[in-house]
Amino acid sequence: MAKSNGILNIEGTVENLTFFKKDGKSFVRKKGGIPKERILNDPNFVRTRENISEFTHSANAGKMLRTAIGSMVFKAKDNKLSSRLMQAMSKVKNADSASARGQRNVALGIATLEGKAHLKGFDFNSGAPLKSVLFSNFSLNTGTGEVKFTNLLPAEQLQFPQGATHFSLQSAVLLLDFETEASETSHSPVTNLPINLAASSPILTPGAVPSGSGQLFFLLLISFYQEVNGVQYSLKNEDYNVLHILDVV
């Protein structure tokens, strides 16, 4: 595969050359490769078929989680979220020690401590990870879903974007069964506060903790706003917002 540095701005296939863009850069490669039918049927490609099966499964599991979380994802994500989450799900899948190669799955992997660890602490917006934005202690009660802050000083304990005057906090508990794809989410009310030196101790409590089969995901969302004439506006398409998996049980 070669990188194009010329003035050509082509995407697609011309004769035996394929032109495409990736991360804003232009590349060209020769058309060809192993026929799809051979990969699907040739015994020499059994390992390849196993890899494809597990890759597809991991990608679908990542999409399942994004879909189950719902609108919170749209408030705090980056442009590589799908691939990052697929990589994390692949590690979760690898924690499945009961299934044969090619059939390992996230539903069994996430039931292990190792599998849970690969998603605990995941940031949906890599440009705004929780550890780089929030410098206040808080506690999580996995029995009630309550997230409690004590003496939070926004102006000193938040890394907030220039122009921000307010921020909001919201927690959620998601129950997701990767085998059946069933899900249920409970959110806390949104707590909106000014960015100043006034200490506050917000408590975020979801309406209920969902029950049933699957795993519980505890999430925290931090959003930033600028107030103009009494109206709060999201900053720069919400690029600074945080969505973080606090725990998986």
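Worth saying up front: this structure is predicted, and the values here are computed from it rather than measured.

Enquirer: Just to check I follow, could you spell out the nonpolar core for this structure?
Expert: Most often, soluble globular proteins have nonpolar side chains that are buried together. Ranked by internal contacts, the top residues of the largest apolar core, which has 28 residues, are Leu65, Ile69, Leu119, Phe124, Phe178, Phe217 and Leu243. Those elements that place two or more of their residues in this core are helix H2 (46–69), helix H3 (71–74), helix H4 (81–94), strand S7 (166–176), strand S11 (215–228) and strand S13 (242–248). Once you skip the residues sitting within four places of it in the chain, Phe217 turns out to touch Leu65, Leu119, Ala172, Val173, Leu174, Leu176, Phe178, Ile245, Asp247 and Val248. If you look at the next biggest cluster of nonpolar residues, it comprises 24 residues, including Leu130, Val133, Phe149 and Val242.

Enquirer: It is not clear to me how the sheet that holds strand S10 (residues 203–204) should be interpreted in this structure. Could you clarify?
Expert: Strand pairing in a sheet relies on backbone hydrogen bonds, with the paired strands running either antiparallel or parallel. Pairing is antiparallel in the open sheet, where 3 strands are placed in the order S5-S6-S10. The open sheet is flanked by strand S5 (138–141) and S10, the only strands paired with a single partner. For S5 and strand S6 (residues 146–149), the ladder comprises 4 bridges, and the chain directions are antiparallel. By the bridge assignment for S6, Phe138 is matched with Phe149.

Enquirer: Looking at this model, I keep getting lost on the side chain of Asp78. Mind explaining?
Expert: The residue Asp78 is located in the loop between H3 and H4 in this model. From its side chain, Asp78 meets the backbone nitrogen of Leu81 in a polar contact 2.8 Å long. Looking at Asp78, its side chain comes within polar contact range of the main-chain nitrogen of Ser126, at 2.8 Å. With residues near it in sequence (within four places) discarded, Asp78 still touches Arg84, Phe124, Asn125 and Ser126.

Enquirer: Would you explain the pairing of S7 in this entry?
Expert: The side chains of a regular strand alternate between the sheet's two faces. Within S7, 11 of the 11 residues are buried, leaving the element largely enclosed by the surrounding structure. By the alternation rule, side chains of S7 split into His166, Ser168, Gln170, Ala172, Leu174 and Leu176 and Phe167, Leu169, Ser171, Val173 and Leu175, which are all buried. With 4 bridges connecting them, S7 and strand S9 (residues 191–194) associate as antiparallel partners. Residue Ser168 lies in a different strand from S9, and its bridge partner there is Asn192. By the bridge criterion, 11 bridges tie S7 to S11 in an arrangement that is antiparallel. Residue pairing for S11: Gln170 is matched across the bridge by Leu221. Inspection of the sheet shows S7 paired to strand S8 (residues 183–187) by 5 bridges, in the antiparallel sense. The residue of S8 that forms the bridge with Val173 is Ser186.

Enquirer: So what exactly am I meant to see when it comes to unusual backbone geometry here?
Expert: Negative phi characterises most residues that are not glycine, and trans characterises most peptide bonds. The phi angle at Asn151 is positive, at roughly 50 degrees, despite the residue not being glycine. Here Asn151 lies in the loop between S6 and helix H8 (154–157). Residues other than glycine seldom take positive phi values, yet Asn229 does so here, at roughly 55 degrees. With respect to the helices and strands, Asn229 occurs in the loop between S11 and strand S12 (231–234).

Enquirer: Where do I start with H4 in this structure?
Expert: Think of an α-helix as 3.6 residues a turn; residues three or four steps apart then line up on the same face. An ideal rise of 1.5 Å per residue puts 20 Å on 14 residues; H4 measures up with 20 Å between its terminal C-alpha atoms. Within H4, burial applies to Leu81, Leu85, Met86, Ala88, Met89, Val92 and Lys93. Along the axis of H4, the buried residues cluster in a sector spanning 165 degrees; they form a single face.

About the thresholds
Residues numbered from 1 in each chain as written. Predicted model: local features only at pLDDT ≥ 70, side-chain atom pairs only at ≥ 80, totals over all residues. Heavy atoms only, no water. Core = buried A, V, L, I, M, F, W, Y, C linked by side-chain atoms within 4.5 Å. Buried < 20%, exposed > 50% of the residue type's maximum accessible area, 1.4 Å probe, protein only. Helix = DSSP H or I, 4+ residues; strand = E, 2+ residues; numbered from the N terminus. Contact = heavy atoms within 4.5 Å. Pairing = 2+ DSSP bridges. Polar contact = N/O pair within 3.5 Å; in protein donor to acceptor, adjacent residues only side chain to side chain. Expected span 1.5 Å × (residues − 1). Arc of directions from axis to C-beta.

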